[in-house]
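Chain by chain, the residues run as shown.
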Amino acid sequence: MGCSGCSTGRGCSTASSGLPGGCKNNGSCGTGGCNKLNVFDWLANMELPSGQPAFDIVEIRFKNSRKDFYRNVNNLQLNVGDVVAVEATGGHDIGVISISGELVRLQMKKRNVKSDSEEIKKVYRKAKPADIEKWQEAQGLEQATMYRARTCAVKLNLQMKISDVEYQGDRTKAIFYYTADDRVDFRELIKVLADEFKVRIEMKQIGARQEASRLGAIGSCGRELCCSTWLTDFRSVSTSAARYQQLSLNPLKLAGQCGKLKCCLNFELDSYLDALHDFPEVNNVKLETERGRAFHQKTDIFRRTMFFSYTDEPDNFIPLPVDRVKEIMEMNKNSLKPADLLLKVATKIVEKKPDYENVVGQDSLTRFDKSKKPKFKNNKKRSGGPNANKPNEGNPNRPNPNANGPKKPNNNNRPRPNNNRTNQTKPNTSGNNNTTPEAK
């Protein structure tokens, strides 16, 4: 494919990996290709009916955004991306095929070019290696030629700006693109440039938008300029487009890289105009209420809200729906005044229950601040509890500490005298479990 973004401006040859080469972008162009005004051929995979000949006209791209239609008179097998030599004024030019096939017929219809026109020039042949080398040498001289031409224009005191230079493929002609506010007499400049560069000179005046289209840049939106990527129809843009979209008339924000109003101001203008059909005209109309007179401040189109302020409180913006504004205007026509701008409606306040789980309220925030629980909750179990002398009665699975031997005395727990106990029962040491009636 033709590459206008690389330093040489030559056609990009497809590498073995399938990615375009030349500009070394590895297929990551923001416009889907490595050239300006790239076109996707959506008819490429469709076969023609049997017996239908292929369209004999192709579209060829030259430097930057210059394109033209050429007739394939020699029935060459031409594909998109082929470098060809075409007919030019007083010689031949080198270009890259951008579209071929039936899509060219649609493009010609779009540009109002008839297929049987005699002004359509011819395709000579596919470019030879010698043609491509001469073409590349000519392109290498374009930047130095532009700087030299600017110097000559300054010396001749010409009020013009030379923005770009394009050499013809055979290096016999050079086109100088310039911008100027007034008419410029550059006849003396042509003589100087012809003697300087030894080529035929053609001066072509372009506008500020065409200049930005040829040079290319990054817009305030962070993307490539529309005029250098896909936009070809430069329509006039007025400040009324900004007013309809409720934009502040700030020249620094509304102007593009070309110094004119941005073309994108027209993109959404139709949507705003359709939305404004239902809004009342309140530019010079003031709403009369018992509270006072109110005037219009601003409008939110897509929220269908209009903001008004009382004359004694200009800083207080009161939002009103469109239907309410129409209602007040109808009342004023009938010599009636509402009490206030806002329609007061009695509303019942209903406490809305939370529909989420109160995670914080489930646990205490101080649950980690509690002291560690003691190992034994009741100290009576350790000394003199009701089951102190019965270790296995409370828990039968608990081992008996006196089973393997006598219990070691504990000096900490000293025995206390019991004065209330007068009679003590002697243990039965006879080993006879039978008791006498007296013992009972």
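Residues numbered from 1 in each chain as written. Predicted model: local features only at pLDDT ≥ 70, side-chain atom pairs only at ≥ 80, totals over all residues. Heavy atoms only, no water.

Some details on the overall build of the protein
Helices and strands together make up the secondary structure of the protein, namely twelve helices and twelve strands. A fraction of 58% describes how many contacts in the protein between residues 6 or more apart in sequence connect residues 24 or more apart. (Helix = DSSP H or I, 4+ residues; strand = E, 2+ residues; numbered from the N terminus. Contact = heavy atoms within 4.5 Å.)

Quick look at the sheet that holds strand E11 (residues 305-310)
With antiparallel pairing, the four strands of this open sheet are ordered in space as E9-E10-E11-E12. Looking at which strands have only one partner, the edges of the open sheet turn out to be strand E9 (287-288) and strand E12 (313-321). Relative to E12, E11 runs antiparallel, the two sharing five bridges. Considered in E12, the bridge of Thr305 is made with Pro321. Sheet strands in contact with helix H10 (residues 322-333) are E9, E11 and E12, and its direction is about 105° off that of E12. (Pairing = 2+ DSSP bridges. Axes fitted to C-alpha atoms, helices over the stretch in contact; angles between N-to-C directions.)

Remarks on the sheet that holds strand E1 (residues 57-61)
Within the closed barrel, the five strands sit side by side as E1-E2-E5-E3-E4. Their pairing is mixed. On average, each strand axis in the sheet is tilted by 55° relative to the strand beside it, whichever way the strands run. Pairing between strand E3 (residues 83-88) and strand E5 (residues 121-126): three bridges, direction antiparallel. Within E5, the position partnered with Ala85 by the bridge is Arg125. Its contacts with the sheet place helix H1 (residues 102-110) against E1, strand E2 (67-71) and strand E4 (91-99), and it is angled at close to 75° to E1.

Quick notes on the confidence of the model for the protein
Low pLDDT marks stretches whose predicted atomic positions should not be read closely. Looking at the protein, the pLDDT average stands at 78 and 71% of residues meet or exceed 70. Note that pLDDT drops below 50 for residues 24-32; the model gives that stretch eleven contacts with residues more than four away or on any other chain. (pLDDT = per-residue confidence, 0-100.)

Re the packing of helix H3 (residues 142-155) against helix H4 (residues 187-197)
Interaxial distance between H3 and H4 falls to 10 Å at its minimum, and their mutual angle equals 140°. As far as their axial angle goes, H4 and H3 are oblique. Crossing hand, H3 versus H4: right-handed. Every residue of H4 that contacts H3 at Thr145, Arg148, Ala149, Cys152 and Ala153 is listed here: Leu189, Val192, Leu193, Glu196 and Phe197. For the contact of H3 with H4, the class distribution of residues is seven nonpolar, one polar and two charged. (Parallel < 35°, antiparallel > 145°, perpendicular 65-115°, else oblique. Left-handed = near helix turned anticlockwise from the far one by under 90°. Nonpolar A, V, L, I, M, F, W, Y, C, P; charged D, E, K, R; others polar.)

Some remarks on a nonpolar patch on the surface
The grouping of Phe40, Trp42 and Leu106 at the surface amounts to a nonpolar patch, some 390 Å² of accessible area in total. Summarising the element assignment, Leu106 is placed in helix H1. (Patch = residues over 30% accessible without salt bridge, like charges linked within 9 Å, V, L, I, M, F, W, Y side chains within 5 Å. Areas by Shrake-Rupley, 256 points an atom, 1.4 Å probe, with all protein chains shown as cover. Salt bridge = Lys/Arg side-chain N within 4 Å of Asp/Glu carboxyl O.)

Let's talk about the packing of aromatic side chains
Counted by the stated rule, this structure contains four aromatic pairs. Taking the centre distance of 6.0 Å and the plane angle of 70° together, the rings of Phe62 and Tyr70 count as edge-to-face. Pairing Trp230 with Phe267 gives two aromatic rings, centres 5.8 Å apart and planes at 40°, and the pair type is tilted. Separated by 37 residues along the polypeptide, Trp230 in the loop between helix H6 (226-229) and helix H7 (239-244) and Phe267 in the loop between helix H8 (251-254) and helix H9 (269-275) bring together distant segments of the chain. Using a relative accessible area of 40% as the deciding quantity, one classes Phe267 as partly exposed. Above the plane of the ring of Phe62 lies Arg66, whose end atom (NZ or CZ) is 4.1 Å from the centre. Directly above the ring of Tyr310 sits Arg291, whose terminal nitrogen or CZ lies 4.5 Å from the centroid. (Phe/Tyr/Trp six-rings, centres within 6.5 Å; stacked < 30°, edge-to-face > 60°. Buried < 20%, exposed > 50% of the residue type's maximum accessible area, 1.4 Å probe, protein only. Lys NZ or Arg CZ within 6 Å of the ring centre and 35° of its normal.)

Structural notes on the pairing of strand E7 (residues 173-179)
With seven of seven residues buried, E7 lies mostly within the body of the structure. As defined by bridge partners, strand E6 (residues 161-167) adjoins E7 across six bridges and the pair is classed as antiparallel. Within the sheet, the bridge partner assigned to Val165 lies in E7 and is Phe176. Where E6 folds back on E7, the antiparallel hairpin that results is connected by five residues, among which Arg171 adopts a positive phi of roughly 65°. Relative to strand E8 (residues 200-205), E7 runs parallel, the two being bridged by six bridges.

Looking at the pairing of E5
As defined by bridge partners, E2 adjoins E5 across two bridges and the pair is classed as parallel. The residue of E5 that forms the bridge with Arg71 is Lys122.

Notes on the nonpolar core
By size, the foremost hydrophobic cluster in this structure holds 22 residues, and its most contacted members are Met160, Ile162, Phe176, Leu189, Leu193 and Met203. Looking at this core, the elements that each hand over two or more residues are H3, E6, E7, H4 and E8. Listed in part, the 16 residues of the second largest apolar core include Ala294, Met306, Tyr310 and Leu341. (Core = buried A, V, L, I, M, F, W, Y, C linked by side-chain atoms within 4.5 Å.)

A closer look at the pattern of salt bridges
Between side chains of opposite charge, a pair can form as their charged atoms come close. Under the criterion given, the structure shown has 25 salt bridges. Note that Arg171 and Glu137 form a salt bridge whose closest N and O atoms lie 3.6 Å from each other. Linking Arg171 in the loop between E6 and E7 with Glu137 in helix H2 (residues 129-140), this pair joins segments that are 34 residues apart in sequence. On the accessibility criterion, Glu137 (47% relative accessible area) is partly exposed. Lys173 serves as the salt-bridge partner of Glu202, at 2.6 Å between the closest nitrogen and oxygen. Here the residue Glu202 occupies a position in strand E8, and Lys173 occupies one in strand E7, the gap between them amounting to 29 residues. With a relative accessible area of 12%, Lys173 lands in the buried category. Because the salt bridges share partners, they merge into one network encompassing Lys63, Arg66, Asp93, Glu142, Asp164, Glu166 and Arg214.

Side note on unusual backbone geometry
Located in the positive-phi region is Lys198, a residue other than glycine, with phi close to 60°. By the element assignment, Lys198 lies in the loop between H4 and E8. Non-glycine residue Arg304 carries a positive phi angle of around 55°. In this structure Arg304 comes out as partly exposed when scored by relative accessible area, which is 35%.

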